[in-house]
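Understanding the architecture of this molecule
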Protein chains: 2
Amino acid sequence: MEVKTLCLGVLNLGAASGYEIKKKFEDSPVGDFMEASYGSIYPALTKLTEEGLVTCEAQAQEGRPDKKVYSITEKGKAAFVSAMSVSPSEDKYRSEFAFMMLFADLLAPHQVSHLIDLQILRYRQKQVEERFQLLPPESRSAQFLEGYGQAVFAAAIKYLEENRHLVEARPNGKTQTAAAATKEAATA
Amino acid sequence: MEVKTLCLGVLNLGAASGYEIKKKFEDSPVGDFMEASYGSIYPALTKLTEEGLVTCEAQAQEGRPDKKVYSITEKGKAAFVSAMSVSPSEDKYRSEFAFMMLFADLLAPHQVSHLIDLQILRYRQKQVEERFQLLPPESRSAQFLEGYGQAVFAAAIKYLEENRHLVEARPNGKTQTAAAATKEAATA
DNA sequence: GGGCCTATATATCGGTCTGATAGAGACAGG
DNA sequence: CCTGTCTCTATCAGACCGATATATAGGCCC
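Residues numbered from 1 in each chain as written. Chains lettered and ligands numbered in written order. Predicted model: local features only at pLDDT ≥ 70, side-chain atom pairs only at ≥ 80, totals over all residues. Heavy atoms only, no water.

1. Thoughts on the overall build of chain A
To be explicit about the condition: Each helix corresponds to a stretch of at least 4 residues labelled H or I by DSSP, and each strand to a stretch of at least 2 residues labelled E; elements are numbered beginning at the N terminus. Think of it in three bands: with a 1.4 Å probe and only protein chains considered, a residue is buried below 20% of the maximum accessible area for its type, exposed above 50%, and partly exposed in between. Contacts were defined at the residue level, with two residues in contact if any of their heavy atoms lie within 4.5 Å. The protein chains shown are the only cover counted for residues, whose accessible areas, like all others here, come from Shrake-Rupley with a 1.4 Å probe.
On a plain count of helices and strands, chain A comes out with nine helices and three strands. Per-residue burial over chain A gives 44% buried out of 188 residues. Here the contacts in chain A between residues at least 6 apart in sequence split such that 60% fall between residues at least 24 apart. In the form shown here, chain A has an accessible surface area of approximately 9,600 Å², with 53% of it arising from carbon and sulfur atoms.

2. Brief notes about the interface of chain A and chain B
Interface size is commonly expressed as the accessible area that is lost once the parts come together. Convention followed: By buried area we mean how much accessible surface two parts lose on assembly, using a 1.4 Å probe and totalling the loss over both. Whenever Lys or Arg places a side-chain nitrogen within 4 Å of a carboxyl oxygen from Asp or Glu, that contact is recorded as a salt bridge.
At the interface, 69 residues of chain A touch 68 residues of chain B. Taken together, both faces of the contact between chain A and chain B bury some 6,600 Å²; the carbon and sulfur share is 67%. Our count for the chain A to chain B interface comes out at two salt bridges. For Glu35 of chain B, the salt bridge is made with Arg94 of chain A, and the minimal N-O distance between the two is 3.7 Å.

3. Some remarks on the environment of Ser85 of chain A
All names here are of chain A. Note the threshold: Two N or O atoms count as a polar contact when they lie within 3.5 Å, although within protein this holds only if one can serve as hydrogen donor and the other as acceptor, and sequence-adjacent residues are included solely when both atoms are side-chain atoms.
For Ser85, the location among the structural elements is in the loop between helix 4 (74-83) and strand 3 (92-94). Overall, Ser85 belongs to the partly exposed group, its relative accessible area being 42%. Once the C-alpha coordinates of Ser85 and Lys24 are considered, the two residues, 61 residues apart in sequence, prove to be 23 Å apart. Here the side chain of Ser85 touches Val81 through a polar contact of 2.9 Å, landing on its backbone oxygen.

4. Points about the domain arrangement of chain A
Residues and elements named next belong to chain A. The test is simple: The domain boundaries here were taken from an automatic or database domain assignment. Under the scheme applied here, ten amino acids are nonpolar (Ala, Val, Leu, Ile, Met, Phe, Trp, Tyr, Cys and Pro), four are charged (Asp, Glu, Lys and Arg), and all others, including Gly, are polar.
Annotation of chain A at the domain level lists domain 1 (3-83) and domain 2 (96-187). Taken together, the contacts link nine residues of domain 1 with 11 residues of domain 2. Carbon and sulfur atoms supply 74% of the area buried between domain 1 and domain 2, which totals about 1,000 Å² over both sides. Area buried by domain 1 at its contact with domain 2 is led by Pro29, Asp32 and Phe33, which between them contribute 48% of it. The interface formed by domain 1 and domain 2 holds one salt bridge in total. Between Asp32 and Lys126 there is a salt bridge, with the nearest N and O atoms lying 3.9 Å from each other. Where domain 1 meets domain 2, there are zero residue pairs in polar contact (both at pLDDT 80 or more). Grouping the constituent residues of the side of domain 1 that touches domain 2 by class yields four nonpolar, one polar and four charged.

5. Comments concerning helix 1 (residues 3-12) of chain B
With seven of its 10 residues buried, helix 1 of chain B lies for the most part within the structure. Among all positions in helix 1 of chain B, only Thr5, Leu6, Cys7, Leu8, Gly9, Val10 and Leu11 of chain B are buried. Looking at the buried residues of helix 1 of chain B, the elements they touch are helix 5 (96-101) of chain A together with helix 2 (18-27), helix 3 (38-50), strand 1 (54-59), strand 2 (67-72) and helix 4 (74-83) of chain B. Of the residues flanking the end of helix 1 of chain B, it is Gly14 of chain B, one or two places downstream, whose phi is positive at about 150 degrees.

6. Quick word on the relation of the copies chain A and chain B
How we decide: Alignment of copies: least-squares fit on C-alpha atoms of residues with pLDDT of at least 70 in both copies.
In the superposition of chain A on chain B (RMSD 0.0 Å, axial shift 0.0 Å), the rotation amounts to 180 degrees. Taken together, the rotation and translation relating the two chain copies correspond to the operation of a two-fold axis. Rotation axis and chain A: the residue whose C-alpha lies nearest the axis is Tyr93 of chain A, separated from it by 2.3 Å. Counting the interface residues of chain A, we find that 97% of their copies in chain B are interface residues as well, pointing to one common contact surface.

7. Concerning the pattern of salt bridges
Applying the stated rule across the entire model yields 22 salt bridges over all chains. A salt bridge links Glu161 of chain B to Arg124 of chain B, with the nearest nitrogen and oxygen atoms 2.4 Å apart. Of this pair, Glu161 of chain B sits in helix 7 (residues 140-163) while Arg124 of chain B sits in helix 6 (residues 109-128); the two residues are 37 residues apart in sequence, bridging distant segments of the chain. Residue Glu161 of chain B is classed as partly exposed on the basis of its relative accessible area, which comes to 40%. Each of the salt bridges in this network shares a partner with another, and the network as a whole consists of Lys22, Lys23 and Glu26 of chain A.

8. Focus: the protein's contact with DNA strand D
For the record, the criterion: Proximity is defined per residue: if any heavy atom of the residue lies within 4 Å of a molecule or strand, that residue is considered near it.
Among the 24 residues in the neighbourhood of DNA strand D, the closest are listed as Val3 and Ser40 of chain A together with Tyr19, Tyr42 and Lys68 of chain B. Counting only the atoms of DNA strand D within 4 Å of the protein, the fraction contributed by sugar and phosphate is 64%. Between DNA strand D and Tyr42 of chain B there is a distance of 2.9 Å, counted from a phosphate oxygen to a side-chain nitrogen or oxygen. Here a phosphate oxygen of DNA strand D and a side-chain polar atom of Lys68 of chain B are 2.3 Å apart. Among the secondary structure elements, those contributing two or more residues to the surface near DNA strand D are helix 3 (38-50) of chain A together with helix 2, helix 3 and strand 2 of chain B.

Here it is, written out as structure tokens:
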């Protein structure tokens, strides 16, 4: 899914500037599933304007640069509905933390524990994070999305708490060196 | 995390060609959390060789182009351990499906149901997918990683099944057209 | 008042990564 | 025999991220 499509989606819910589009991703539950940087939002809005899918109205402001408020056109709405009709690509869960856990035996035990603590903390913060709603709170779509994220976060926390011993425990209670690992592999 | 680091990690578990590195991501549980394309793996291996972090040995093969088997050096191992010592970036869960659900009211009801069916099916396939292990199956790291992915998949499926009615149900039981949506918004 | 952080707001840019594509022989199935 | 799948390397356009620049207002601490 291109950033152009993401922008059309947000603008479909109401006019906004490039800055506001970014903020909406950061501060609403959509941000758990999709994001975009300024470096892709601004060029996308320019292209969308050229293609006639959005219109731009510059609002003069004191001090700050003009606020360019973008609105979706009928043509833009049609393009968005059309983009929503193609099959979505598969979900991607990217986690450097998980990758690092594969190599837990290269790290000192306290480092592993610290990483897991940090990971759980991050998920807990996501659970309590206050967010404004992109759609009205009573919207079923918004509820569905919010709950989807929360369900995944809760599952991750639960798993980490219940299974952290797998990577924290040491077979013989001492730090595993490269030499020890080789020896172990040989006997296995 | 750069692709160079991902390659070092895989090579740390055993020598491999660029092709094999890609396959290992696809066919093992690590692929649930990290991935890389050929377009980034091959240049990464070239750079790693230049930097002396890996060595390359070309094995002549009948018919096929030479198989370039890369092995990690001591310098490479040190670099990898060093890379594992920096704090991981936050997990990212990217889902076009979730984004589309925000706009469920723009889609025909049967399309929404179809999307959810497809999503559940994809997760079920991930649950039963046969994978070879990057590390020996009895490795606790491998178990931890495999379980982490499975826990998240299971939670996603459970949530989708229990809450799909939120986006499938219609307030008045009829297909919502653009005109109907406008009318509804006016009365709300 | 000075220093500093945060927020609003647009915009650019180097470097990185993806996804598609190409080429080329092997090997299996219909 | 032909088509598809597999192994293997490799490239490239286009998309995207993260950092940075610029400029101003407002709040906070000392």
